[in-house]
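Structure at a glance
What follows is the residue order along each chain.
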Amino acid sequence: MAPSANGHSGSEKFNFDTFRNVINGKLVDGEKTRAGINPATKKANAQVPVATEKDLDNAVDAAKAAFKTWSRTTIEERKKAVSAYSAALKEQREGFAALLTKEQGKPLPFAQAEADSGVYWLDENVKLELPETVEEETDERKVITRYTPIGVAAAIVPWNFPIQLAIGKIAAALLTGNCLIVKPSPFTPYCGLKLVELAQSFFPPGVLQVLSGDDNLGPWITSHPGIDKISFTGSTATGKRVMESASKTLKRVTLELGGKDPAIVCKSVNIKDAAPKLATLCFMNSGQICIAIKRVYIHESIYNEFRDAMVDHVKTIKVGDGTEEGVFLGPIQNSMQYERVQGFFDDIEKQGQKVAVGGKTADSAGFFINPTIIDNPAADSRIVLEEPFGPILPIMPWSDEEEVIEKANSTLMGLGSSVWSSDLEEATRIARRIDSGSVWVNTHLEVDPKFAFGGHKESGIGSEWGLAGWKAYCNTQVLYLKK
Ligand code: NAD
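Residues numbered from 1 in each chain as written. Predicted model: local features only at pLDDT ≥ 70, side-chain atom pairs only at ≥ 80, totals over all residues. Heavy atoms only, no water.

Topic: the site of the ligand
To keep it simple, the criterion reads: Throughout, near means a residue has at least one heavy atom within 4 Å of the molecule or strand. Pairs of N or O atoms are called polar contacts if they sit within 3.5 Å, as long as, within protein, a hydrogen donor faces a hydrogen acceptor (for residues adjacent in sequence, only side-chain-to-side-chain pairs). The protein chains shown are the only cover counted for residues, whose accessible areas, like all others here, come from Shrake-Rupley with a 1.4 Å probe. Under the scheme applied here, ten amino acids are nonpolar (Ala, Val, Leu, Ile, Met, Phe, Trp, Tyr, Cys and Pro), four are charged (Asp, Glu, Lys and Arg), and all others, including Gly, are polar. Here the bounds of each domain stem from an automatic or database domain assignment.
Taken together, 29 residues lie near the ligand, and Val-157, Lys-183, Thr-238, Leu-257 and Glu-387 sit nearest. Here an oxygen atom of the ligand and a backbone polar atom of Gly-234 are 3.1 Å apart. At 2.8 Å from an oxygen atom of the ligand is found a side-chain nitrogen or oxygen belonging to Ser-235. Alone, the ligand offers 850 Å² of accessible surface; in the complex the protein occludes 88% of this. Its residues assigned to classes, the shell around the ligand comprises 15 nonpolar, ten polar and four charged. Each of domain 1 (21-257 + 459-482) and domain 2 (261-448) gives at least three residues to the shell around the ligand.

Right under this line is the structure:
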């Protein structure tokens, strides 16, 4: 018999050494196993199961059975369970952070912050309310709008924020009364498996399950007739495949996809404050953030000074193994992504573009790449048009407001953007004209579980987080009660 995943409270010893799928409340070994790679050492991490189609069928059956009762629990009961889960996650913060650094590569303080963000996302979701609303009440009738859970949902998670992005989906799906099957990225399966294992003490079997698999698992999920909703975070190319596959059974989809975020720096900006801040935000997580700044337009009157201030800051950034003290940027997460980023360097070399700081990094023990700024590349070059998802940043001068807004809006992406200025009126005027799901003034990357997050254009469909995120896991139902 498979060992039960239940029975350990958050305070008991929770191990971070063995990794199994969780199906119907049980820890399940795989017929086959595989391993992720620690990107700082290129050495294999522990074995994880490779889920089969049968495992998926079993998980869907368990979720369907669990949905019958879970969907009828009260919101108070569900909030109580999620709060208890959050407390357990808080207790296991150090274990999750160490595991995250080992599988994803990010420096330990950032891994700790990501574990903390998991707790915060759960806690803030517990505070949200999505009550029924009485739309009309007359002598003849009462009309009520309510939100009902969709059914069995699947969370497809990428490798850049394995904890935060999984938890965002778990919180919204479970609190709205859905059952959820989590599929972590094959590059970073470890934290996802453990997050769901930890949850088993707080939710009935089948409510929250996890399957780690190979590249077959995603397409099996998106085409499975028993799954009603897909919440996908990943690249735009994969998002299109997910939507195509999901359309065959009319599954609901939320797609959180790629970005090519512009930052517009106005001439009134405080250069000393803004340049290091902006440079930091561009390179966080080694540029592997959907909403990282991926193009900077600097007003021509301050271009040289701002560039030099950014370069000075970038020179202070330490790259290395995330377990080492003082490291700010870890490695690129996997070899495929590392090669992709190298391709941008090859193109930059071929085009003879000017490297202000950084440049090609010599091969080493891990997938390390030094943060790099490209000084005013051609508008039609790859680094300006595509998402490298690595620490290379193009910066370009601008002079005319209309023109820079047009440039900012000129890609198919519309995830995030920012405007940097000491003149709030100017910044807000520009911000309102940018076509992206989030627009920041004098900052970037600030996200919040209370507010909707999503992309315009090919950066996505629908939103996650906040009440918009809850509604994405619900059907809308209108009750017409004739008196
Ligand atoms: P990816 O699209 O390669 O993979 C994402 C997930 O989809 C993984 O779990 C993968 O196994 C799975 N998958 C792959 N092929 C599939 C298929 N055919 N059907 C179903 N699932 C499939 O993305 P990635 O490389 O892991 O992540 C990087 C990308 O994600 C970047 O483009 C980044 O901008 C984007 N991203 C977006 C957000 C957002 O919220 N908008 C957040 C993080 C990352």
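Section: the nonpolar core
Operational definition: To qualify as a nonpolar core, a set must consist of buried Ala, Val, Leu, Ile, Met, Phe, Trp, Tyr and Cys residues joined through side-chain atoms within 4.5 Å. For every residue, the accessible area obtained with a 1.4 Å probe (protein chains only) is divided by the maximum for its type, and the residue is called buried under 20%, exposed over 50%, and partly exposed between those limits. Working definition: helices are DSSP H or I runs of at least four residues, strands are E runs of at least two. Numbering for both runs from the N terminus. Any pair of residues with heavy atoms lying within 4.5 Å of one another is described as a contacting pair.
Core analysis: the biggest nonpolar cluster contains 111 residues, and Phe-96, Leu-278, Val-296, Phe-306 and Met-310 have the highest contact counts within it. It is helix H5 (residues 162-175) that provides the largest number of residues to this core, a total of ten residues. Residues lining this core come from more than one domain, with at least three contributed by each of domain 1 (21-257 + 459-482) and domain 2 (261-448). Residues in contact with Leu-278, not counting those within four places in the same chain, are Ala-263, Val-265, Ile-293, Val-296, Phe-306, Met-310 and Trp-420.

Comments concerning the domain arrangement of the chain
As a reminder of what qualifies: For salt bridges, the criterion is a side-chain nitrogen of Lys or Arg within 4 Å of an Asp or Glu carboxyl oxygen.
In terms of domain boundaries, the chain breaks down into domain 1 (21-257 + 459-482) and domain 2 (261-448). Just the C-alpha atoms count here: the centres of domain 1 and domain 2 sit 31 Å apart. At the interface, 25 residues of domain 1 touch 30 residues of domain 2. On inspection of domain 1 and its partner domain 2, the count reaches zero salt bridges. Taken together, the connections running from domain 1 to domain 2 amount to nine residue pairs in polar contact (both at pLDDT 80 or more).

Examining the pairing of strand S12 (residues 261-265)
Consecutive side chains of a regular strand alternate in pointing toward one face of the sheet and then the other. Defined as follows: Any two strands between which DSSP finds at least two bridges are classified as paired. A crossover gets the label right-handed when its path from the first strand over the helix to the second runs clockwise, viewed with the strands pointing away from the viewer.
Buried residues dominate S12, accounting for five of its five residues. On S12, burial covers both faces: Asp-261, Ala-263 and Val-265 on one face and Pro-262 and Ile-264 on the other are all buried. Examined bridge by bridge, S12 and strand S13 (residues 293-299) share five bridges and lie parallel to one another. Note that in S13 the partner of Val-265 across the bridge is Ile-298. Where the polypeptide runs from S12 across helix H9 (residues 271-283) and back to S13, its parallel neighbour, the crossover connection is right-handed.

A few points about the sheet that holds strand S14 (residues 354-357)
Filter applied, for reference: Lines fitted to C-alpha atoms define the axes here, with helix axes fitted over just the stretch in contact, and angles between the N-to-C directions of these axes take values from 0 to 180 degrees.
Within the open sheet, the seven strands sit side by side as S14-S15-S16-S13-S12-S18-S19. Their pairing is mixed. Each end of this open sheet is capped by a strand with a single partner; those strands are S14 and strand S19 (438-441). Shown here is a sheet whose adjacent strand axes are inclined to one another by a mean of 25°, direction ignored. Lying over the sheet, H9 contacts S12, S13, strand S15 (372-375), strand S16 (392-398) and strand S18 (416-420), oriented at roughly 160° with respect to S13. Sheet strands in contact with helix H13 (residues 401-408) are S12, S13 and S16, and its direction is about 175° off that of S13.

Side note on the UniProt feature "domain: Aldehyde dehydrogenase" (unreviewed entry) in the chain
Defined as follows: UniProt positions are given in the numbering used here, feature names are shortened, and annotations may be inferred rather than shown by experiment.
In the numbering adopted here, UniProt assigns the feature "domain: Aldehyde dehydrogenase" (unreviewed entry) to residues 32-477. When the span residues 32-477 is considered, its composition is 40% helix and 22% strand, and the gap between its end C-alpha atoms is 44 Å.

Some points on the packing of aromatic side chains
This is how it is decided: Note on ring pairs: Phe, Tyr and Trp rings are taken, using the six-membered ring of Trp, and paired if centres are within 6.5 Å. Classes follow the plane angle, with under 30 degrees stacked, over 60 edge-to-face and the rest tilted.
Throughout the structure, instances matching the rule amount to 13 aromatic pairs. Relative to Tyr-190, the ring of Phe-19 lies with its centre 4.9 Å away and its plane at 85°, an arrangement referred to as edge-to-face. With Phe-19 in the segment before strand S1 (21-23) and Tyr-190 in helix H6 (residues 190-199), the pair connects residues that are 171 residues apart, well separated along the chain. You'll find Phe-19 and Tyr-190 in the same group, each marked buried.

Some points on the confidence of the model for the chain
Using the following cut-off: Values of pLDDT, the confidence the predictor places in each residue, fall between 0 and 100.
Across the chain, the average pLDDT comes to 96, with 98% of residues at 70 or higher. Counted against residues more than four places away or in other chains, residues 7-11, with its pLDDT under 50, gives twelve contacts.

With respect to unusual backbone geometry
With the exception of glycine, the majority of residues adopt a negative phi angle, and the majority of peptide bonds are in the trans configuration. Of note in this structure, Leu-250 is not a glycine but carries a positive phi near 50°. Topologically, Leu-250 is positioned in the loop between helix H8 (236-247) and strand S11 (252-256). The backbone of Lys-457 shows a phi angle near 50°, a positive value even though the residue is not glycine. Take Lys-457: it is sitting in strand S20 (residues 456-457). Under the relative-accessibility criterion, Lys-457 is labelled partly exposed at 35%.

Things to note about H9
Defined as follows: Expected helix span is taken as 1.5 Å per residue step, with the number of steps being one fewer than the number of residues.
Its 13 residues place the ends of H9 18 Å apart at the C-alpha level, agreeing with the 18 Å of an ideal helix rising 1.5 Å per residue. Every buried residue of H9 is listed here: Ile-271, Ala-274, Ala-275, Leu-278, Ala-279, Thr-280, Leu-281, Cys-282 and Phe-283. The backbone nitrogen of Lys-272 lies 3.2 Å from a side-chain oxygen of the residue at the head of H9, namely Asn-270. Backbone geometry just after H9 places Asn-285 at a positive phi near 55°.

Brief notes about the sheet that holds strand S5 (residues 133-137)
Read from one edge to the other, the open sheet built from three strands follows the order S5-S6-S22, with strand pairing classed as antiparallel. In this open sheet, the two strands that pair with only one neighbour each are S5 and strand S22 (474-482). Taken pair by pair, the neighbouring strands of this sheet meet at an average axis angle of 20°, ignoring direction. In this sheet, strand S6 (residues 141-149) lies alongside S5 in antiparallel orientation, the contact comprising four bridges. Across the sheet, Glu-136 pairs through a bridge with Val-143, a residue of S6.

Observations regarding helix H3 (residues 93-104)
The end-to-end C-alpha distance of H3 is 16 Å, a good match for the 16 Å that twelve residues give at a rise of 1.5 Å each. Every buried residue belonging to H3 is among Phe-96, Ala-97, Leu-99, Leu-100, Thr-101, Glu-103 and Gln-104, and all of these are buried. Buried residues belonging to H3 abut strand S3 (32-38), strand S4 (43-50), helix H2 (75-91), helix H4 (108-126), H5 and H6. Where H3 terminates, the next one or two residues include Gly-105, which has phi positive at roughly 105°.

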